[in-house]
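# An overview of the molecular structure
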Protein chains: 4
Amino acid sequence: MTSPFHTIGILGRLNHAETNQTLISLINYLKEWQVAILVDPDTAAALHDKSVQSVPRTELGKRADLLIVIGGDGSLLHAVHTIIHDAVPVLGVNRGKLGFLTDILPTELAKIKAILDGKYRLEKRFLLSATVEHNGKILGQGDALNEVALIPDSVPHMNEFEIYINDQFVCSQDSDGVIIATPTGSTAYALSGGGPILHPGLDAIVMVPMFPHTLTLRPIVIEGNSEIRIVITPNNTATPRLTCDSQTFINAPPGSRITIQKKSQHLHLIHPLDYDYYASLRSKLHWGRKLHYADSDTHS
Amino acid sequence: MTSPFHTIGILGRLNHAETNQTLISLINYLKEWQVAILVDPDTAAALHDKSVQSVPRTELGKRADLLIVIGGDGSLLHAVHTIIHDAVPVLGVNRGKLGFLTDILPTELAKIKAILDGKYRLEKRFLLSATVEHNGKILGQGDALNEVALIPDSVPHMNEFEIYINDQFVCSQDSDGVIIATPTGSTAYALSGGGPILHPGLDAIVMVPMFPHTLTLRPIVIEGNSEIRIVITPNNTATPRLTCDSQTFINAPPGSRITIQKKSQHLHLIHPLDYDYYASLRSKLHWGRKLHYADSDTHS
Amino acid sequence: MTSPFHTIGILGRLNHAETNQTLISLINYLKEWQVAILVDPDTAAALHDKSVQSVPRTELGKRADLLIVIGGDGSLLHAVHTIIHDAVPVLGVNRGKLGFLTDILPTELAKIKAILDGKYRLEKRFLLSATVEHNGKILGQGDALNEVALIPDSVPHMNEFEIYINDQFVCSQDSDGVIIATPTGSTAYALSGGGPILHPGLDAIVMVPMFPHTLTLRPIVIEGNSEIRIVITPNNTATPRLTCDSQTFINAPPGSRITIQKKSQHLHLIHPLDYDYYASLRSKLHWGRKLHYADSDTHS
Amino acid sequence: MTSPFHTIGILGRLNHAETNQTLISLINYLKEWQVAILVDPDTAAALHDKSVQSVPRTELGKRADLLIVIGGDGSLLHAVHTIIHDAVPVLGVNRGKLGFLTDILPTELAKIKAILDGKYRLEKRFLLSATVEHNGKILGQGDALNEVALIPDSVPHMNEFEIYINDQFVCSQDSDGVIIATPTGSTAYALSGGGPILHPGLDAIVMVPMFPHTLTLRPIVIEGNSEIRIVITPNNTATPRLTCDSQTFINAPPGSRITIQKKSQHLHLIHPLDYDYYASLRSKLHWGRKLHYADSDTHS
């Protein structure tokens, strides 16, 4: 079988002992399969391994045909922002426990061979784009895999804003802010704020109010193609900020308008064939296991 | 303009003074427009109005080309179960406050003329079908517009069951039960149980655990085409019940299997052209109004 | 040192293998310390051990000066209802994991010696008393360690009632019911319904609405000495029930009045000296452990 | 009857039209009753009323024997921080709707006469004191009527800290922060964060986690006399801040320790004799009214 992947980029946080160990194991493992290996200059300098090629971080997504990220969901999120405009598919190797985005344990590197052999599942996760505009001027733009969030500047509980969906007025809020999450992000910050879990196959966005003054403001799930607009009231006494995946921050002064919608690009996640979304939920959220009495034919 | 509606069925709870008054106003109003008016025999007997035709309740959905329900969301839900196998579109006239399903106020009967003239929006709301099976025998079947719920028999907090989605194991629960709601039902029982609001345009189902023993069980939103299976553990000490919109009840004894999925039929809701879903949310949930400072061109 | 305990009653669910094993180990352990051992007739019959005395279950609390319950929190709750009018202190031996009420693991029976030697902590947990009255007639009375709950009869979400505290009107509800919990019960059913945790040292009661129609009804914590009255509206369409710890059930028909207040008696719980309430919270709720970097003198 | 109040201080936000109007009405009303009236210099300058005496804002609490605050709960909170070390009792006159702390409507100024005549209820609300310490150095101290909150600096969801109560380890958290609220504050920020309502008569404190990573972290209510200690982990990557009623802010760098406990002073709130705490809950939270069918003798 011909492998679809010939050039593998690798990203991971260097100064973390376990990550480093997994990185070296992974490189040694990959060498067996005649693929080119690219790493960023810092990693290259630390490795002292001539068979590994150093390319600028921003080039990784353009030159690799598979990006492997070592670390937890946070590291993968960070890496995604490096390659967000590239189409390179991403595979996550976790450091020791199952993540929502990182399926492969350090002890399961052998699973990577099957992926190199083309035996994998490709899953498209949609991204959000957010723009802040004030008096006709663009103040900033950002992309998000997990969530776009309007968060306070300094004093909590002081922001007044209106929300519109597809130009329809939805509600005004007096709250700390609001989280606009994708299905991917629904198990991250939005969940800790009381939002529901959205299955990643769902074409939907969830809005979760943060510390709303009005107790009846509840998380609301809308279609993925919706255009969301947030208008900061002109007499708001503070300047809240918009954050994309907690990676970028844009000030949203009183009177500014924030527009959020789905990007045309997606993140392409690579999963091993035995990937099971609900297993990652059970693992991360300590959900109940299959009950012991349940024999296999009860429910098949 | 030719009206698409020539035969109007009317349903409403008789022994309610305001409903009766609205019923008579509505009939008088409709008489102006040369349409046939059908009511159920009880209503006919109470009306003493020869121009109104009496047909059995179960025939209303088959013989009318428009069904008008007078009452709150509960009355409409009740009426829907009468005509659930018919394709007749339904219009709700509320008794005094905006409902999620009943858009027209008694003071706005004039809006009905536009609808008779073909100026309306038709919205399809999907329905759920639920079947309880035990040892290969069907114990019961029901349909729901709002939700299918597994609820306790007598002692709360005593049911153990497993949930599968599209034959994938999701979780086991030790809880009072679970609510499986459509977007239409997301603002009803599921909402009071902590579930999110699902926009009615969304092709999605939400599962809301009821008093779960495991605190990390959270509402989860899945695709509308999912097949949900609930397996009551064989050694469960009670017999929970399955309810469809609190209209039908089916026992689900230990070892039984419940299958829930979308029906091919939909409910066809008629809205006036100025229908605004978010306005009904604001009205019912006491959400914030547009902020006074917001001039109209800020967000248009 | 003279032991304060000379006659030890033991309660536990017989037909559970692990419980039986712990029971036999416990009896053998206690025999070393010259105490009289009492069990209920069923247990006696199963044991075939002449040195163990059989007394009626209802006599256990009167004749023993220490009651040891083997099992989980549920078993202890069940046992408490047997001895609720007696002053006998209770010690819980858990079957394998820490409980909120059962502190001693089967592997830690040696801890019992210290308790027999008088080295223990005695903690008083208050109880609630509930009375249902209709037209001047008492329909039933019950006691609770965890909670008194008004729960639905058959159809969920159908009960209308008013709540008064110390004769002051608090609110009316349209809901499934309400949970009135002690601090002891705050980590049981009330918690799964969204209630807060109340430290057991607190003289307070928490009321948690069940599936309230009004989304702004929130759990409310009131003083332990409060008298709570619930009035079922005379035109309520169903007959909800009052349950005490899910052990007793009393119908509360339309028009009935429920009065709930603290009892003068308490449950006397015995803890080993190293008992740590927060450790049981961390264990049961999977809370975070002390962070690894924290050296011992940082916070002592 | 001799009035207990001879010197009345008045505080309110000047540049608010309704407040100003109420201020003038109040002063005119008070002039009838031979009391001295003190206002701060800004208010005095705006009033042009020679019979009103100007004293520095910080002196108001020392020289007045009753302080009347005009405005909403926020204004009263702000005023309380001016007089927090003084024993002067405080009366709130609201601008138009019932507040939790401001009982008198502008249309009910006549109620003040009864208060001047000694017909009132005095309620003591306890205060919290918070100290941030790092390497043995005090970084700051603050007092709070509503809540002490640990809040993020810039990036949300990035703080790791441990919580101790009375030197017992409770839990570690990875969260945005935590709200430590009094009963008075339980209906403010803590409530919008999902905390329970605490009756003001309760001697208790509630801790509400903010966006906790661990979903089983729930609000916990502890005794009012508890000493709470928060230890920011030394390798926390950000510097969260401590805020007291959103009036004061203190940085809490990695490694710092925060100590929170009840102050010995209280706020003395003056209520008219017909004050009803539950009425303010119903009014502010849109709770259900007494059901119409309920005749007065049903529940008295």
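Residues numbered from 1 in each chain as written. Chains lettered and ligands numbered in written order. Predicted model: local features only at pLDDT ≥ 70, side-chain atom pairs only at ≥ 80, totals over all residues. Heavy atoms only, no water.

## Describing the overall build of chain A
Each helix and strand counted, chain A has seven helices and 18 strands in total. Overall, the C-alpha framework of chain A stretches about 65 × 55 × 35 Å when taken along its three principal axes. Here chain A holds 300 residues, and 60% of them are scored as buried. Partitioning the contacts of chain A with sequence separation of at least 6, the portion at a separation of at least 24 is 65%. Split by element, the accessible area of chain A, about 11,400 Å² in all, is 49% carbon and sulfur. Across chain A, 25 positive and 30 negative side-chain charges occur, with their mean positions spaced 4 Å apart. (Helix = DSSP H or I, 4+ residues; strand = E, 2+ residues; numbered from the N terminus. Buried < 20%, exposed > 50% of the residue type's maximum accessible area, 1.4 Å probe, protein only. Contact = heavy atoms within 4.5 Å. Areas by Shrake-Rupley, 256 points an atom, 1.4 Å probe, with all protein chains shown as cover. Lys, Arg positive; Asp, Glu negative; His and termini not counted. Charge placed at Lys NZ, Arg CZ, Asp CG, Glu CD.)

## Some thoughts on the sheet that holds strand 14 (residues 220-223) of chain C
One open sheet accounts for seven strands, arranged 17(C)-16(C)-8(C)-11(C)-13(C)-14(C)-12(D); its pairing is mixed. Two strands in the sheet have a free side with no partner beyond their single neighbour: strand 17 (248-251) of chain C together with strand 12 (197-198) of chain D. The pairing of strand 13 (residues 204-210) of chain C with strand 14 of chain C spans four bridges and is antiparallel. Of the residues in strand 14 of chain C, the one forming a bridge with Val206(C) is Val221(C). (Pairing = 2+ DSSP bridges.)

## Quick notes on the relation of the copies chain A and chain C
Once chain A has been moved 0.0 Å along the axis and rotated by 180°, it coincides with chain C to within an RMSD of 0.0 Å. As the rotation angle and translation indicate, the two copies are arranged about a two-fold axis. Using C-alpha coordinates, one finds that chain A approaches the rotation axis most closely at Thr216(A), a distance of 3.1 Å. Mapped onto chain C, 100% of the interface residues of chain A are again interface residues, and the two copies thus contact each other with one and the same surface. (Least-squares fit on C-alpha atoms with pLDDT ≥ 70 in both.)

## As for the domain arrangement of chain A
Residue and element names in this part refer to chain A. Domain boundaries assigned for chain A yield domain 1 (7-120 + 272-285) and domain 2 (127-265). For domain 1 versus domain 2, the separation of C-alpha centres amounts to 31 Å. The contact between domain 1 and domain 2 buries some 1,200 Å² in all, and 67% of this surface belongs to carbon and sulfur atoms. Counting the surface domain 1 buries against domain 2, the share from its top three residues, Leu77, His81 and Tyr277, is 41%. Linking domain 1 with domain 2 are zero salt bridges. The tally of links between domain 1 and domain 2 comes to two residue pairs in polar contact (both at pLDDT 80 or more). Elements supplying a minimum of two residues to the side of domain 1 that touches domain 2: helix 4 (73-82) and helix 7 (277-285). Residues that form the side of domain 1 that touches domain 2 fall into these classes: nine nonpolar, three polar and no charged. (Domains from an automatic or database assignment. Buried area = accessible area lost by both parts, 1.4 Å probe. Salt bridge = Lys/Arg side-chain N within 4 Å of Asp/Glu carboxyl O. Polar contact = N/O pair within 3.5 Å; in protein donor to acceptor, adjacent residues only side chain to side chain. Nonpolar A, V, L, I, M, F, W, Y, C, P; charged D, E, K, R; others polar.)

## Remarks on the packing of aromatic side chains
If you walk through the whole model with that rule in mind, you get 22 aromatic pairs over all chains. Aromatic side chains Phe5(D) and Tyr120(D) sit 5.3 Å apart centroid to centroid with 40° between the ring planes, which places their arrangement in the tilted category. Placement of Phe5(D) in the segment before strand 1 (7-12) and of Tyr120(D) in the loop between helix 5 (111-116) and strand 6 (121-134) is noted, with a sequence separation of 115 residues between them. For Phe5(D), a relative accessible area of 4% translates into the label buried. Feature note: the residues Tyr189(A), Phe211(A), Tyr189(D) and Phe211(D) constitute an aromatic cluster, connected by ring pairs. A cation sits over an aromatic face here: Lys262(B) above Phe126(B), 5.0 Å from the ring centre. (Phe/Tyr/Trp six-rings, centres within 6.5 Å; stacked < 30°, edge-to-face > 60°. Lys NZ or Arg CZ within 6 Å of the ring centre and 35° of its normal.)

## Digging into the interface of chain A and chain C
Taken together, the four residues of chain A in the interface contact four residues of chain C. Carbon and sulfur atoms supply 68% of the area buried between chain A and chain C, which totals about 430 Å² over both sides. The largest share of the area that chain A buries against chain C comes from Leu215(A), Thr216(A) and Arg218(A), three residues that together contribute 82% of it. One can count zero salt bridges joining chain A with chain C. On the surface where chain A and chain C come into contact, there are zero residue pairs in polar contact (both at pLDDT 80 or more).

## Re the pairing of strand 10 (residues 168-175) of chain C
Within a regular strand, the side chains alternate between the two sheet faces. Residue and element names in this part refer to chain C. Counting buried positions over the eight residues of strand 10 gives six, a clear majority of the element. In the sheet, strand 9 (residues 159-165) pairs with strand 10 via seven bridges, with the strands oriented antiparallel. The partner of Ile163 across the bridge, within strand 10, is Cys171. Linking strand 9 to strand 10, which pair antiparallel, is a turn of two residues; within it Asn166 sits at a positive phi near 45°.

## Remarks on the interface of chain B and chain A
At the interface, 53 residues of chain B touch 53 residues of chain A. Across the chain B/chain A interface, buried area totals approximately 4,400 Å², and carbon plus sulfur atoms make up 58% of it. At the junction of chain B and chain A, the tally comes to zero salt bridges. Seen at the junction of chain B and chain A, the total is 18 residue pairs in polar contact (both at pLDDT 80 or more). Of all the secondary-structure elements, those providing two or more residues to the side of chain B that touches chain A are strand 9 (159-165), strand 10 (168-175), strand 12 (197-198), strand 14 (220-223), strand 15 (228-232) and helix 7 (277-285) of chain B. Along the lines of polarity and charge, the residues of the side of chain B that touches chain A split into 26 nonpolar, 15 polar and twelve charged. As defined by bridge partners, strand 12 (residues 197-198) of chain A adjoins strand 14 of chain B across two bridges and the pair is classed as parallel. Across the sheet, residue Ile197(A) finds its bridge partner in strand 14 of chain B, namely Ile220(B).

## Focus on the nonpolar core
By size, the foremost hydrophobic cluster in this structure holds 56 residues, and its most contacted members are Ile179(A), Ile179(B), Ile179(C) and Ile179(D). Beyond its immediate chain neighbours, meaning those up to four positions away, Ile179(A) contacts Glu147(A), Val148(A), Ala149(A), Tyr189(A), Ala190(A), Val206(A), Met207(A), Val208(A), Met210(A) and Phe211(D). (Core = buried A, V, L, I, M, F, W, Y, C linked by side-chain atoms within 4.5 Å.)

## Notes on the sheet that holds strand 12 (residues 197-198) of chain C
Taken together, the seven strands give an open sheet; going across it, the order is 12(C)-14(D)-13(D)-11(D)-8(D)-16(D)-17(D), and neighbouring strands pair in mixed fashion. The sheet is open, and its two borders are formed by strand 12 of chain C together with strand 17 (248-251) of chain D, each paired with just one other strand.

## Points about the relation of the copies chain B and chain A
In the superposition of chain B on chain A (RMSD 0.0 Å, axial shift 0.0 Å), the rotation amounts to 180°. When you check the interface residues of chain B against chain A, 98% turn up at the interface there too, and the contact is symmetric in its surfaces.

## Comments concerning the pairing of strand 4 (residues 66-70) of chain C
All names here are of chain C. Among the five residues of strand 4, five are classified as buried, and the element is accordingly described as predominantly covered. Burial along strand 4 is two-sided: Leu66, Ile68 and Ile70 and Leu67 and Val69, pointing in opposite directions, are all buried. As defined by bridge partners, strand 1 (residues 7-12) adjoins strand 4 across five bridges and the pair is classed as parallel. Opposite Gly9, over in strand 4, you have Leu67 as the bridge partner. The pairing of strand 4 with strand 5 (residues 90-93) spans four bridges and is classified as parallel. Bridged to Val69 within strand 5 is Gly92. For the crossover that starts at strand 4, traverses helix 4 (residues 73-82) and ends in the parallel strand 5, the hand is right-handed. (Right-handed = clockwise from strand over helix to strand, strands pointing away.)

## Quick look at helix 1 (residues 17-31) of chain B
Residue and element names in this part refer to chain B. If you check helix 1, its first and last C-alpha atoms are 21 Å apart, about what 15 residues at 1.5 Å a residue would give, namely 21 Å. Listed as buried for helix 1 are Thr19, Thr22, Leu23, Leu26, Ile27, Tyr29 and Leu30. Considered in projection along helix 1, the buried side chains sweep an arc of 160° and stay on one side of the axis. In helix 1, the exposed residues that point more than 90 degrees away from the buried face are Ala17 and Gln21. (Expected span 1.5 Å × (residues − 1). Arc of directions from axis to C-beta.)

## Digging into helix 7 of chain A
Among all positions in helix 7 of chain A, only Tyr277(A), Tyr278(A), Ser280(A), Leu281(A), Arg282(A) and Leu285(A) are buried. Where helix 7 of chain A is buried, its residues contact helix 6 (189-192) and strand 12 of chain A together with strand 9, strand 10 and strand 14 of chain B. Positive backbone phi, approximately 55°, marks His286(A), located one or two places after helix 7 of chain A.

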